[in-house]
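What follows is each chain in one-letter form.
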Amino acid sequence: MALLWGCAEAVSVVGLEHISKIHGRILREGRAAEQVRGAPRGQPETVIFVANSLFLEGVDFPKLRTQTSGKLDASRYIVEGTAYYDWYYGLRRLFRSGMRPDAVVLCLNPPHLLSDSIRGDFSARFLFDAVDIWPVSRDTRANLSATSGLYLAHFSNFYATRNVLRSVFTGKVAPAVGVMWSTSIFSDAIARPDSEAIPVMRERLVALKRLCEDNGARFSFLIPPTRQLGDTAIVAAGKQAGVLVMRPVPNYSLGTEYYQDGFHLNTRGAELFTRMLVPALLDPTFQ
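Residues numbered from 1 in each chain as written. Predicted model: local features only at pLDDT ≥ 70, side-chain atom pairs only at ≥ 80, totals over all residues. Heavy atoms only, no water.

(A) Up close: the sheet that holds strand 4 (residues 218-222). Taken in spatial order, the five strands of this open sheet run 2-1-3-4-5, and their pairing is parallel. Bordering the open sheet on either side are strand 2 (72-78) and strand 5 (244-246), each of which pairs with just one other strand. In this sheet, neighbouring strand axes are inclined to one another by 25° on average, regardless of whether the strands run parallel or antiparallel. Where strand 3 (residues 103-107) and strand 4 come together, five bridges link them in parallel fashion. In the strand pairing of strand 4, Val104 is matched with Phe219. The strands touched by helix 2 (residues 21-34) are strand 1 (45-51) and strand 2; relative to strand 2, the strand with the most contacts, the crossing angle is about 135°. Along the sheet face, helix 12 (residues 194-214) touches strand 3, strand 4 and strand 5 and points at about 145° away from the line of strand 4. (Pairing = 2+ DSSP bridges. Helix = DSSP H or I, 4+ residues; strand = E, 2+ residues; numbered from the N terminus. Axes fitted to C-alpha atoms, helices over the stretch in contact; angles between N-to-C directions. Contact = heavy atoms within 4.5 Å.)

Dropping the structure here:
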């Protein structure tokens, strides 16, 4: 059993990064994020975007880097399936690891900002430090069994990535299953009334702002365009929290022809969103 477990750990540590393009990208961007430092005087300031797949699919990042290169040195750290607590505690770990950008931009949609969920074992391994497991379990109301699983995932690469390994294996032996999942219809999240959503959003934006400022970085929030309610609530919460909230493209302003699955932007949507985002990043209010 020990030999079997050791082999599984070795495969997940050494092999998965090369087998899975997605996992390899996440690890590379995570390592690069830890190396981000503030720009020397006179150089374009460093800004890191942390986000989930809405930013990955919705922003033409090479074009954004090119069009903002005179003012910004932009980098990103994308982890699919993440929400507020993934990134609150993920940023804490990144700052402990030495990350010191001039600015941090978190990109989430309204339900993700309000969510009390995390990406489970994967986040426990790759986004959190061991000291974060208990606080994040408390914040997400995890029971003791789930909490013990998060601790195990933090110290075991195989346990944390077993779902990723299963997905990679399924994609190799049954590609149609992956196509089925990628074309599945996303159901709309249940939107909270603004009277309930704004106080929660304000509190979370304030927490993120304090975390970044304590580590010498400005904090801003970016809303990706989705066909969901709640973007106006984030704007209102940002004003109350003293946080810059960028909304280059309001929700529900794009037709279905700009989306690949009703949720993520397609190439046409990404081109439009990127074109609208660049002026917001170059505006003096951001810098």
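Having seen the structure, we can now continue with the description.
(B) Fine view of the environment of Leu150. Relative to the elements of secondary structure, Leu150 occurs in helix 9 (residues 144-155). For the pair Leu150 and Ala124, spaced 26 residues apart in sequence, the C-alpha separation works out to 5.6 Å. Filtering out sequence-adjacent residues up to four positions away, Leu150 remains in contact with Ile118, Gly120, Asp121, Ala124, Ile133 and Ser137.

(C) Structural view of unusual backbone geometry. Notably, Arg141 is not glycine yet its phi reads approximately 60°, a positive angle. You can see Arg141 is positioned in the loop between helix 8 (130-139) and helix 9. Even without glycine at this site, Tyr252 takes up a positive phi of about 70°.

(D) Just the pairing of strand 2, in detail. The element strand 2 is extensively covered by neighbouring structure, given that five of its seven residues are classed as buried. Sheet analysis places strand 1 next to strand 2, joined by seven bridges and oriented parallel. Pairing of Thr46 across the sheet is with Asp73, part of strand 2. (Buried < 20%, exposed > 50% of the residue type's maximum accessible area, 1.4 Å probe, protein only.)

(E) Geometry of the packing of helix 8 against helix 9. Relative orientation of the contacting elements helix 8 and helix 9 amounts to 160°, with a least axis distance of 10 Å. The orientation of helix 8 with respect to helix 9, classified from their angle, is roughly antiparallel. In this structure, helix 8 crosses over helix 9, and the sense of that crossing is right-handed. Here Ala130, Ile133, Trp134 and Ser137 of helix 8 lie close against helix 9, whose contacting residues are Leu144, Thr147, Leu150, Tyr151, His154 and Phe155. (Parallel < 35°, antiparallel > 145°, perpendicular 65-115°, else oblique. Left-handed = near helix turned anticlockwise from the far one by under 90°.)

(F) Quick peek at the pairing of strand 1. The element strand 1 is largely enclosed, with a buried count of seven among its seven residues. Burial along strand 1 is two-sided: Glu45, Val47, Phe49 and Ala51 facing one way and Thr46, Ile48 and Val50 facing the other are all buried. Alignment of strand 1 against strand 3, held across five bridges, turns out to be parallel. The residue of strand 3 that forms the bridge with Val50 is Leu106.

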